[in-house]
Every structure is written in structure tokens, then in C-alpha cells.
Amino acid sequence: MSAADARRDELSGNLAAVRRRIADACGQAGRDPGEITLVVVTKFFPASDVRLLAELDVRHLGENRHQEAEPKAAACADLTDLVWHFIGGLQSNKAAAVARYADVVESVDRVKLVRPLARGAQERGHPLDVLLQVSLDPPDAGNRNGVDPREVAGLAEAVLATDELRLRGVMAVAPLGQPPVPAFERLAQIAASVRALAPGADRISAGMSSDLEEAVKCGATHVRIGSAILGNRPPIK
Ligand SMILES: *Cc1c(COP(=O)(O)O)cnc(C)c1O
């Protein structure tokens, strides 16, 4: 068997296992698996894996670093069905560039990103879907991941004030070292408050390899799965 065939078998088996986990979690929660979009996070893995995943009916890919995502998306530009989700921390001086290839930016966590993202979307010539990344960390956590829940409404209004950005919902990462369910329940409440401002903002992106069941239980519409499908990432240097 060639290396490519072996990798395809590995990805295919892992994908089937993750799809089964999603289906089982939906069964437990009384939800329809058709409500859940699987975003496969390919960070640290090559464009050749993206191609194998596309052959295995994956359409949604997630990337978290601009310098890696931009060439990977370009290398796969012939796969016109793919939907690229940018899920990483975003510097405002890179935001316009990200908006030129990402179809969804899930990590909008401050007003300062709104203008450059809108400019990038305008240059590309079509509106950009965005999610607000909300911090589920305790208020005293030093290194918060996402916008403070008290500032979500203001950030939502800033996005809604543009023509180029479409507010589609919220995204979050469960806080480290804490049970995910209470955090994902808070996220569901925040999502409802955003939906009250913008009825089309109906997505909740939550759940990774280790906590997708809890996320589905709490209403996630999108799960972002990396290592359970691609394997372990090399350690960050
Ligand atoms: C890497 C990453 C994921 C996927 O994590 P796994 O634990 O490998 O499934 C999901 N969301 C974000 C924001 C990430 O950076």
C-alpha cells in the first residue's frame, strides 16, 4: 500500500469514528445529526491531507495561523467546494489578508478587527461570515480567549453596522482545567442574546476532540475537530 493510501485509510477510519461520536451525542441529546457541521482542523498538517479529506466528503476545514492557512488554501484553490474557517487569534494587520481566502472568520474578538475584515471582504467582492469568539474563562483569568461576555453586544453591533460582514453566531473554547458543560451552557445563553440582535446569527461553534459530546449536548451547531481525525500535532516550539 502506498503512503497516500495508508494515510487515506487512517483519515477515513478516524473520520468515521468522529462521525459516530457526533451521531451518538445527538442520539443522547435528542438532536438530528444533520444539525451539526463538522469542521476538520488541519493546522500543522499538509495540503495533501486536505485533498484526502475532500475525497472523503469533508467540506469544512479549520485553520488557526494565517501564515500557514494562506498558502494551504491557495494550494487547494481548485477544490472549489471547500469552506475555510479561520479559528485562530487574529492580528488586526493580518485581518484583511485573512478575509481574502477565509469563508468564515470564527475568531472575531474585538472591535478593532471589524474594519480590516470588512475591507478584505470588500476587496474580495463578497460578504464574509463571522462568529464572535467569546471568552468562557473566569473573569480573573489573565489570558482570556475571546471577548468578555459583557462586551459581546457592543461587538455584535459593530459587525452589524458593516455591509461586508454577516454576523452568523458565536464561537468558544472550553476553559482549561474546568468541566466544559457549565461553560458551554453559558455560551448557549450568550448565543441566544446575540440571536436576539441578529436572527441570522444562529451558529454555535463549540467542541473539540476531547469535548464534542458536551458541546453537542449544549446546542453546538459546529464542532471543530483536529487531533481525533488528523492525529497528534507536533509539539509547538
Ligand atoms: C486546534 C483547535 C481545535 C481542534 O482541537 P483538537 O483538540 O485537536 O480537536 C479547535 N478549535 C480551535 C480554536 C483550535 O485552535
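First things first, this report covers the structure right here in the doc. (Residues numbered from 1 in each chain as written. Predicted model: local features only at pLDDT ≥ 70, side-chain atom pairs only at ≥ 80, totals over all residues. Heavy atoms only, no water.)

Let us look at helix α5 (residues 114-124). Within α5 the residues assigned to the buried category are Val114, Pro116, Leu117, Ala118, Gly120 and Ala121. The inward-facing, buried residues of α5 abut α4 (92-99), β4 (104-108), β5 (128-133), α6 (152-160) and β6 (165-171). Following α5 by one or two positions, Gly125 adopts a phi angle in the positive range, close to 95°. (Buried < 20%, exposed > 50% of the residue type's maximum accessible area, 1.4 Å probe, protein only. Helix = DSSP H or I, 4+ residues; strand = E, 2+ residues; numbered from the N terminus. Contact = heavy atoms within 4.5 Å.)

Roughly 660 Å³ of internal volume is contained in the largest pocket. As for the largest pocket, its lining consists of 30 residues, and the residues nearest its centre are Lys43, Val173, Met208, Arg224 and Arg233. Residue classes in the lining of the largest pocket are distributed as 12 nonpolar, 11 polar and 7 charged. Looking at the second largest pocket, its volume works out to about 180 Å³. (1 Å grid on protein atoms, 1.4 Å probe; cavity = no way out; pocket = protein on both sides within 12 Å on 5 of 7 lines; lining within 4 Å. Points joined across faces, edges and corners; volume = space filled by probe spheres on them. Nonpolar A, V, L, I, M, F, W, Y, C, P; charged D, E, K, R; others polar.)

Next up on the list: the packing of aromatic side chains. One pass over the full model with this rule turns up 0 aromatic pairs. Above the plane of the ring of Phe44 lies Arg65, whose end atom (NZ or CZ) is 4.6 Å from the centre. (Phe/Tyr/Trp six-rings, centres within 6.5 Å; stacked < 30°, edge-to-face > 60°. Lys NZ or Arg CZ within 6 Å of the ring centre and 35° of its normal.)

With that out of the way, let us pick up the pairing of β4. By the criterion of burial, β4 is predominantly enclosed, with 5 of the 5 residues buried. Where strand β3 (residues 83-86) meets β4, 2 bridges bridge the pair, whose relative direction is parallel. From the neighbouring strand, Phe86 faces β4, where its bridge partner is Val105. Between the parallel elements β3 and β4, the chain passes through α4 in a crossover that is right-handed. Taken together, the 3 bridges between β4 and β5 define a ladder with parallel strand orientation. Residue pairing for β5: Val104 is matched across the bridge by Asp129. Between the parallel pair β4 and β5, the chain is carried across by α5, and the sense of this crossover is right-handed. (Pairing = 2+ DSSP bridges. Right-handed = clockwise from strand over helix to strand, strands pointing away.)

This part covers unusual backbone geometry. Trans is the prevailing form of peptide bonds, just as negative phi is the prevailing case for residues other than glycine. Positive phi outside glycine occurs at Phe44, with the angle close to 75°. With respect to the secondary-structure elements, Phe44 resides in the loop between β1 (37-41) and α2 (47-55). The phi torsion at Asp57 lies on the positive side, around 75°, for a residue other than glycine. Within the fold, Asp57 resides in the loop between α2 and β2 (60-63).

With that settled, consider the nonpolar core. Leu38, Val40, Leu53, Val105, Leu117, Leu167 and Ile229 are the most contacted members of the largest nonpolar core, which totals 71 residues. Aside from chain neighbours lying at most four places away, what touches Leu117 is Leu90, Ala95, Ala99, Val105, Val108, Leu128 and Leu165. (Core = buried A, V, L, I, M, F, W, Y, C linked by side-chain atoms within 4.5 Å.)

What follows is about the pairing of strand β8 (residues 222-225). Each regular strand carries side chains that alternate between the two faces of the sheet. Here β8 shows two buried faces, one formed by His222 and Arg224 and the other by Val223 and Ile225. By the bridge criterion, 4 bridges tie β1 to β8 in an arrangement that is parallel. The residue bridging Val39 from the neighbouring strand is Arg224, located in β8.

Next up on the list: the site of the ligand. All residues adjacent to the ligand are Val41, Lys43, Asn64, Ile87, Met208, Ser209, Arg224, Ile225, Gly226, Ser227 and Arg233. A distance of 2.8 Å is found between an oxygen atom of the ligand and a backbone nitrogen or oxygen belonging to Ser227. The contact in question runs from an oxygen atom of the ligand to an N or O atom on the side chain of Arg233, over 2.7 Å. Here the ligand has 380 Å² of accessible area as a free molecule, and 89% of this is covered by the chains. When atom positions are compared with the pocket grids, the ligand is found to occupy the largest pocket. Looking at the shell around the ligand residue by residue, the classes come out as 4 nonpolar, 4 polar and 3 charged. (Near = heavy atom within 4 Å. Polar contact = N/O pair within 3.5 Å; in protein donor to acceptor, adjacent residues only side chain to side chain. Areas by Shrake-Rupley, 256 points an atom, 1.4 Å probe, with all protein chains shown as cover. Sits in = over half its atoms within 2 Å of the grid points.)

Distances and angles like these do not, on their own, reveal function.
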